[in-house]
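# Survey of secondary and tertiary structure
Listed below, chain by chain, are the residues.
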Amino acid sequence: MTMRTIVRAVLRSSLRDIRHVQAVSPGRARGQVARVYEQAQRDFGVLAPPLALHSAAPEPLAASWLLLRETLLVEGRVDRAVKETVATEVSRANACPYCVDVHQATLQALPAEHAVEPGATAAVTQWFREAADGQMSGPAPFTAAEAPEILGVALTFHYLNRMVGIFLEDSPLPAQTPAAARGTILRTVARAMRPVAGPPVAGAGLDLLPDAPLPEGLEWASAAPALAAALGRSAAAVENAARWVPQAVRELLAARLAGWDGAAPGLGSGWLTEALAGLPPQDRPAGRLALLTAFAAHRVTGEDIAAVREQYAHDQKIIELTSWAALTTAVHLGVRLGARTSAPLHR
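Scoring rules and cut-offs
Residues numbered from 1 in each chain as written. Predicted model: local features only at pLDDT ≥ 70, side-chain atom pairs only at ≥ 80, totals over all residues. Heavy atoms only, no water. 1 Å grid on protein atoms, 1.4 Å probe; cavity = no way out; pocket = protein on both sides within 12 Å on 5 of 7 lines; lining within 4 Å. Points joined across faces, edges and corners; volume = space filled by probe spheres on them. Helix = DSSP H or I, 4+ residues; strand = E, 2+ residues; numbered from the N terminus. Nonpolar A, V, L, I, M, F, W, Y, C, P; charged D, E, K, R; others polar. Core = buried A, V, L, I, M, F, W, Y, C linked by side-chain atoms within 4.5 Å. Buried < 20%, exposed > 50% of the residue type's maximum accessible area, 1.4 Å probe, protein only. Contact = heavy atoms within 4.5 Å. Salt bridge = Lys/Arg side-chain N within 4 Å of Asp/Glu carboxyl O. Axes fitted to C-alpha atoms, helices over the stretch in contact; angles between N-to-C directions. Parallel < 35°, antiparallel > 145°, perpendicular 65-115°, else oblique. Polar contact = N/O pair within 3.5 Å; in protein donor to acceptor, adjacent residues only side chain to side chain. Phe/Tyr/Trp six-rings, centres within 6.5 Å; stacked < 30°, edge-to-face > 60°. Arc of directions from axis to C-beta.

### Some thoughts on the layout of surface pockets
Of the volumes computed, that of the largest pocket is approximately 770 Å³. As for the largest pocket, its lining consists of 39 residues, and the residues nearest its centre are Ala-93, Asn-94, Ala-95, Arg-162 and Gly-262. Every element with two or more residues in the lining of the largest pocket is listed here: helix H5 (80-93), helix H6 (97-109), helix H7 (118-133), helix H8 (147-167), helix H13 (284-295) and helix H15 (315-340). Along the lines of polarity and charge, the residues of the lining of the largest pocket split into 22 nonpolar, 8 polar and 9 charged.

### Examining the nonpolar core
Membership of the largest hydrophobic core comes to 115 residues, with the highest contact counts inside it found for Trp-65, Phe-128, Leu-291, Leu-321, Trp-324 and Leu-327. The element that contributes the greatest number of residues to this core is H8, accounting for 13 residues. Ignoring sequence-local partners within four residues, the contact set of Leu-321 consists of Trp-244, Val-245, Ala-286, Leu-289, Ala-290 and Val-308.

### What to know about the pattern of salt bridges
Close approach of charged atoms allows side chains with opposite charge to pair. Considering all chains together, one arrives at 14 salt bridges under this definition. The partner of Arg-69 in a salt bridge is Asp-43, with the nearest N and O atoms 3.0 Å apart. Taken together, the residues span a long stretch of sequence, with Arg-69 in helix H4 (residues 58-73) and Asp-43 in helix H2 (residues 31-43) at a distance of 26 residues. The exposure classification of Arg-69 matches that of Asp-43, with both residues buried. Here Glu-84 and Arg-80 are joined by a salt bridge, their closest N and O atoms 2.8 Å apart. With a gap of 4 residues between them, Glu-84 and Arg-80 both fall in helix H5, about one helical turn apart. Its relative accessible area of 0% is what places Glu-84 among the buried residues.

### Section: the packing of H6 against helix H9 (residues 182-192)
Describing two packed helices takes the angle between their axes plus the distance from one axis to the other. Close contact between H6 and H9 brings their axes to 8 Å; oriented N to C, the two are set at 75 degrees. By the angle class used here, H6 and H9 are roughly perpendicular. On the side of H6, the interface is formed by Asp-101, Ala-105, Thr-106, Gln-108 and Ala-109, while H9 contributes Arg-182, Leu-186, Arg-187, Ala-190 and Arg-191. Taken together, the residues of the contact of H6 with H9 sort by class into 4 nonpolar, 2 polar and 4 charged.

### Concerning the environment of Gly-262
Relative to the helices and strands, Gly-262 resides in the loop between helix H11 (247-258) and helix H12 (270-276). In the structure, Gly-262 is positioned 68 residues away from Ala-330 in sequence and 10 Å away in space, judged by C-alpha atoms.

### Description of the side chain of Glu-89
One can find Glu-89 in helix H5. On the accessibility criterion, Glu-89 (8% relative accessible area) is buried. Within the structure, Glu-89 has its side chain in polar contact with the side chain of Arg-129 (distance 2.8 Å). Those residues in contact with Glu-89, other than ones at most four positions away along the chain, are Thr-125, Phe-128 and Arg-129.

### Section: the packing of aromatic side chains
Inspection of the entire model under this criterion finds 5 aromatic pairs. When the centroid spacing of 4.6 Å and the interplanar angle of 50 degrees are considered together, the rings of Trp-244 and Tyr-312 count as tilted. One end of the pair, Trp-244, is in the loop between helix H10 (225-241) and H11; the other, Tyr-312, is in the loop between helix H14 (302-309) and H15, and 68 residues separate them in sequence. Here Trp-271 and Phe-295 contribute two aromatic rings whose centre-to-centre distance is 6.0 Å and whose plane-to-plane angle is 85 degrees, an arrangement assigned as edge-to-face. Within this pair, whereas Trp-271 is found in helix H12, its partner Phe-295 is found in helix H13, the two being separated by 24 residues in sequence. Each member of the pair, Trp-271 together with Phe-295, is buried. Here the aromatic cluster, defined as three or more aromatic residues joined through ring pairs, consists of Trp-127, Phe-128 and Phe-142.

### Quick look at the side chain of Lys-83
The topology assignment puts Lys-83 in helix H5. By relative accessible area, which is 1% here, Lys-83 ends up buried. Every residue in contact with Lys-83, bar those within four places of it in the chain, is listed here: Thr-71, Leu-72, Val-74, Val-78, Glu-149 and Val-153.

### Topic: H14
When H14 is considered as a whole, its buried residues turn out to be Asp-304, Ile-305 and Val-308. Relative to the axis of H14, the buried residues are bounded by an arc of 95 degrees and lie together on one face. The secondary structure elements touched by the buried residues of H14 are H13 and H15.

Geometric values such as these leave the question of function open.
See below:
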């Protein structure tokens, strides 16, 4: 298999890589799904699997696109190299090898004008690694004006990592890809992820979703109005799509997040069994999938999905439930990261 053939296969196979649900093909996309697909292909260059996996549920699809677009893709105060560093480090902390591969390769493939001082990315890398370990003590290595983009990227990837962990394999490359060629192919694919009509304009996709207030605790985003609007609209849209989620499941996730320090739950499943014991039996499959999405997305199995389907059969419900659990968790972590910048920021 030649390099060109492998690259084309990677770009063509985006929908086939998705597991547990069936993505809407571009040729069958209508309404809001078609609008998101069109924007993604224009502003990102490709219909990436982490976006397409949402397509059975139009509101979460639009929310995931707005988050990615306004935090990572729109050019603002923070260089793309720094934002890709944040995406890579958050993905590494969440044990999401798919996203680590893609965003590390994107960082390496950026044009020369995105070269920044090594110290800039090193400081951000260290800050996020300490945040993942719960050991962060020093001031944030970015300004208050840069915080919306940097913390916004972190929130977005805390969300996307969870969805990718459930619905995609560990690598965007075909299993037969030669190990020696992986890095080159990933960088080649990354170079294909470029806007086709100039840099994305801030806020140009906001009309995909209705206006909504910024979630409490995310005030750090207010310095970037379009980004703040994307966060508010996305959170509200996902919440609205998941309004059917049983109240007992909602309360359980809220209670578990309230006492969570961000650490992984460990290899055992005792925490999950204990948490689910108080739920009504009919709510336990949805509760199990929600908790796994929040705290151990990579451990979701086909059996977990099938158990939810016995009550909620359609792909749309699977995406709405997992999207709600993932974004609720990402917002919680975004609030925690914002609180850690309460020490004076670098000016």
